[in-house]
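# Chain and residue survey
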Amino acid sequence: RWVKNQRQYYKLYNEGKKSSINEEKIKLLEDIDFEWVIRVASRPGVEWSVHLEELKEYKKIHGDCRVSQSEGCLGRWVKNQRQYYKLYNEGKKSSINEEKIKLLEDI
């Protein structure tokens, strides 16, 4: 519960809202490699929209969507979306469609 609360406070802090977390607490947590975003495993059954929400949260924290493959599941998912987009643009079979592309571009 405490970890979940810290993540919520951090989200509020980044949105400029009242929060019980401050720069000092953020630094202390980051010094121990605290993960602000829960990583969802890329596996069959995990909905595409779950990964999309994780990417939105990543952007709120980092200011961009340039997720490194070293970021684990989210990094691999982003890499795959880029590959699917490339295939789509080449007119090849791809699991991405116009709706998903628009959702990604809207981030």
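Presented here is a report on the structure given in the accompanying data block. (Residues numbered from 1 in each chain as written. Predicted model: local features only at pLDDT ≥ 70, side-chain atom pairs only at ≥ 80, totals over all residues. Heavy atoms only, no water.)

With respect to the element layout, Asp64 can be found in the loop between helix 3 (48-62) and helix 4 (73-89). The class of Asp64 is buried, set by a relative accessible area of 18%. A polar side-chain atom of Asp64 sits 3.0 Å from the main-chain amide nitrogen of Arg66. Every residue in contact with Asp64, bar those within four places of it in the chain, is listed here: Tyr58 and Lys59. (Helix = DSSP H or I, 4+ residues; strand = E, 2+ residues; numbered from the N terminus. Buried < 20%, exposed > 50% of the residue type's maximum accessible area, 1.4 Å probe, protein only. Polar contact = N/O pair within 3.5 Å; in protein donor to acceptor, adjacent residues only side chain to side chain. Contact = heavy atoms within 4.5 Å.)

Taken as a whole and judged by the stated rule, the model has seven salt bridges. One salt bridge in this structure joins Lys60 and Glu15, with 3.9 Å as the shortest N-O distance. In this pair, Lys60 is assigned in helix 3 and Glu15 in the loop between helix 1 (2-14) and helix 2 (23-31), connecting sequence segments 45 residues apart. For Glu15, a relative accessible area of 34% puts it in the partly exposed group. Its salt-bridge partner being Lys102, residue Asp106 comes within 3.0 Å of it at the nearest N-O pair. Each of Glu15, Lys17 and Lys60 takes part in one network of salt bridges that share partners. (Salt bridge = Lys/Arg side-chain N within 4 Å of Asp/Glu carboxyl O.)

Everything listed is a geometric property; what it means functionally is a separate question.
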